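Examination of the molecular architecture
Read off the chains here:
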Amino acid sequence: DAYWGIRSHRTISIRNSEVSNCEPGGIYMYEASSINTSYLNKPSAHNNENGICVWNCDEGDTTILIDSCTVNYNDDYGIWVSNASPWIKYSDLKYNGENGVYVSTYGSPIITYPKIIWSHIQENGETGIYFDCVGGYVYATRISDNSTYGIYGYGEIDALIRYSKSVDNMTGIRLLY
């Protein structure tokens, strides 16, 4: 088993690829302030500790697009976003051990505000989307059948949820301050 399946802090383009059986993650993009645009189109990340990790990527001139991904059966998180603002669209995040998408920040000045659009997030071990002291934009996304929450937010968050459905979760949406 590989440590990281794919690891990059530069511009990256991944198309129609599969990454599996990696610890701590399948695809890892980090400290990418020099990135202009990174594009993940139709990758599959499964059976990793974490499927896709996007950490410490400066919002300035950086665009990270995660498009039409299948991210499932990972031990912890499907997609882990920390101090970054990727676009996640047309993606399926299912059967991950903890959260479909986990969004966090650790006191960094980097803006963290991912956009999750036209995706399906379902049957994850805990929460569909977890906002840990940060927010994000959720649009036209179906969040269903997760063990605890469809969407959970804790701390000072700025979440905008529009035209989305949270169904058959233990609790649909819970935002705590």
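Anyway, here's the lowdown on the structure attached to this text.

The rules we used
Residues numbered from 1 in each chain as written. Predicted model: local features only at pLDDT ≥ 70, side-chain atom pairs only at ≥ 80, totals over all residues. Heavy atoms only, no water. Helix = DSSP H or I, 4+ residues; strand = E, 2+ residues; numbered from the N terminus. Pairing = 2+ DSSP bridges. Axes fitted to C-alpha atoms, helices over the stretch in contact; angles between N-to-C directions. Buried < 20%, exposed > 50% of the residue type's maximum accessible area, 1.4 Å probe, protein only. Lys, Arg positive; Asp, Glu negative; His and termini not counted. Salt bridge = Lys/Arg side-chain N within 4 Å of Asp/Glu carboxyl O. Polar contact = N/O pair within 3.5 Å; in protein donor to acceptor, adjacent residues only side chain to side chain. Contact = heavy atoms within 4.5 Å.

1. A look at the environment of Thr62
- Tracing the backbone shows Thr62 in the loop between strand S7 (52–55) and strand S8 (63–67).
- Between the C-alpha atom of Thr62 and that of Pro109, which follows or precedes it by 47 residues, the distance is 15 Å.

2. So, the sheet that holds strand S4 (residues 22–30)
- In space, the eight strands of this open sheet follow the order S1-S4-S7-S10-S13-S16-S19-S22, with parallel pairing throughout. Of all strands in the sheet, those with a lone pairing partner are strand S1 (2–8) and strand S22 (171–176), marking the two edges. Across this sheet, the average inter-strand angle for adjacent strands is 10°, counted without regard to direction.
- Pairing analysis gives five bridges linking strand S19 (residues 149–154) to S22, with the strands arranged parallel. Each residue of the ladder has a partner; that of Tyr152, found in S22, is Arg174.

3. Observations concerning the sheet that holds strand S11 (residues 87–89)
- Pairing within the open sheet is parallel, and its seven strands lie in the order S2-S5-S8-S11-S14-S17-S20. The open sheet has two free edges, formed respectively by strand S2 (13–15) and strand S20 (159–162), since each of these has just one partner strand. Here the strands of the sheet are splayed against their neighbours by 10° on average, with no regard to which way each runs.
- By the bridge criterion, three bridges tie S11 to strand S14 (residues 115–117) in an arrangement that is parallel. Residue Lys89 lies in a different strand from S14, and its bridge partner there is Ile117.

4. Things to note about the side chain of Asp132
- Mapped onto the elements of the fold, Asp132 is located in strand S16 (residues 127–132).
- The side chain of Asp132 is buried and forms no salt bridge, while Arg174, the nearest opposite charge, is found at 14 Å.
- A polar contact is formed between the side chain of Asp132 and the side chain of Tyr102, at a distance of 2.6 Å.
- Setting aside chain neighbours within four positions, we find Asp132 in contact with Tyr102, Val103, Ser104, Thr105 and Tyr154.

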